[in-house]
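Structural features, examined
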Amino acid sequence: MDTTSQLPTVFRLIVTGGGTGGHTYPALTAIRTLRERLTAQGRSLDVQWIGSADSLEARVADAEGITFTAVATGKVRRSSNPLKMVSPANMRDMARVPLGVAQARKAVAKFQPHVVLATGGYVAVPTGLAARMCKVPLVLHEQTVRLGLANRRLASSASRIAVSSESSLPLLAESVRPLAVVTGNPVRPEVLVGHPDKAVAALGLGFDRALPTVYVTGGAQGSQQINNLVGGELPWLLERANVVHQCGPAHFETLAARAAALPADVAARYHLTPFVGPELPDVLALADVVISRSGAGTLSELTALGKPAVFIPLASSAGNEQAHNARHLEESGAAIALVGEVTGERLRGAVGPLLEDPGRRKAMATAAQAQGRPDAADRLVDVLLTDASG
């Protein structure tokens, strides 16, 4: 249904969610996409972000020129032991939630948004509850296969639940399943337009272009587990591939010392860096295989690009969501999931066949791309506009 004629000249949106990049950046991509859509229609966007003070979402909003409102929030520290859930820290934080709800309700009532978008994290709960109190449509977006704790808490208040994968649908409570729509997880558009040759030029790589390239990453801060695994297998890897290794600032010196002991002929095929910045889209375009964690944002980008991946999930991720994410892609032939104790032998067994067989890489790339949704931001914007006008 075309709802554009029903839209106001100035569309008011409240966004809530954050704590991590996985919750924050999909929201930011949705905001940018919505603004572009409205501008093309001769309309404008007035947006307010509600979250925690001194947080990632506060910094992102400030950098984007988005009005930010801080409210009190309470973090639930999860444990498999129910008694540990009733900890002094949990009780103290949960006592802050009513204050946060009151603050959020005041902000929502004053701003009068046409719709509220909640992308998860405990910071989203007060504003999500305030949206229900103020009778404002609430759209939840879930990045992972299973609903996170905050979105589970808010599901009964939602007008729509946008999920990133069809596999999420049967995992939803039957009472809220009719509210679900599969949008995918918004991917930064710049990630999709990289050029391999630009990566080679930007990083000054002395690569053998006849060999496949492996991109190793553990996220912005790096992963000691992944760094140790890959560092121990460097001679084996570099016989078969070029390697771009984003290790995180804290791990750089240790890995640089290990790399210094490599023979000169293979050392030229190894590029170690603490951080990959604006050149990331080009590095991803260059990569034939990716070794990484399996956070929701990473999965969304790699599937949108159709990249074969070997995932080493973060075992301590909330609700074990990274393992669920990785297994979901493995079941469809779109990745390999190394769950549990990961040894060098297991890593070689996963990566080796991909490096040796271009046909296997191509098949996995095709399966990954079939899972990808590069238009996820537009799909989510469609949901926001439909709910606001409905």
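Throughout what follows, the structure given in this document is the object of discussion. All values derive from a computational prediction rather than experimental measurement.

Their axes nearest at 5 Å, the elements helix H16 (residues 344–356) and helix H17 (residues 358–371) cross at an angle of 105°. Compared by their axis directions, H16 and H17 come out roughly perpendicular. From H16, Pro353, Leu354, Leu355 and Glu356 reach across to H17, where they touch Pro358, Arg360, Arg361 and Met364. Tallied by class, residues from the contact of H16 with H17 come to five nonpolar, no polar and three charged.

Attention shifts here to the side chain of His251. Tracing the chain through its elements places His251 in the loop between strand E9 (242–246) and helix H11 (252–260). The exposure class of His251 is buried, given its relative accessible area of 17%. Non-local contacts of His251, meaning those with residues more than four positions away in its chain, are made with Gln221, Gly222, Ser223, Gln224 and Asn227.

The next subject is the nonpolar core. Within the largest apolar cluster, 31 residues are counted, with the highest numbers of intra-cluster contacts made by Val214, Tyr270, Ile291, Val310, Ile312, Leu338 and Leu347. Breaking this core down by element, the ones donating at least two residues are strand E8 (213–217), helix H9 (224–232), helix H10 (234–240), H11, strand E10 (270–273), strand E11 (289–292) and H16. By residue number, the principal contributor to this core is H16, which donates five residues. Contact partners of Val310, with chain neighbours within four places excluded, come to Val290, Ile291, Ser292, Ile336, Leu338, Ala350, Val351 and Leu354.

A volume near 300 Å³ is recorded for the second largest pocket. Listing elements by their share of the lining of the second largest pocket, those giving two or more residues are helix H14 (296–305), helix H15 (321–331) and H17. In terms of residue count, H14 provides more of the lining of the second largest pocket than any other element does, five residues in total. For the lining of the second largest pocket, the class distribution of residues is seven nonpolar, 12 polar and two charged.

What counts as what
Residues numbered from 1 in each chain as written. Predicted model: local features only at pLDDT ≥ 70, side-chain atom pairs only at ≥ 80, totals over all residues. Heavy atoms only, no water. Axes fitted to C-alpha atoms, helices over the stretch in contact; angles between N-to-C directions. Helix = DSSP H or I, 4+ residues; strand = E, 2+ residues; numbered from the N terminus. Parallel < 35°, antiparallel > 145°, perpendicular 65-115°, else oblique. Contact = heavy atoms within 4.5 Å. Nonpolar A, V, L, I, M, F, W, Y, C, P; charged D, E, K, R; others polar. Buried < 20%, exposed > 50% of the residue type's maximum accessible area, 1.4 Å probe, protein only. Core = buried A, V, L, I, M, F, W, Y, C linked by side-chain atoms within 4.5 Å. 1 Å grid on protein atoms, 1.4 Å probe; cavity = no way out; pocket = protein on both sides within 12 Å on 5 of 7 lines; lining within 4 Å. Points joined across faces, edges and corners; volume = space filled by probe spheres on them.

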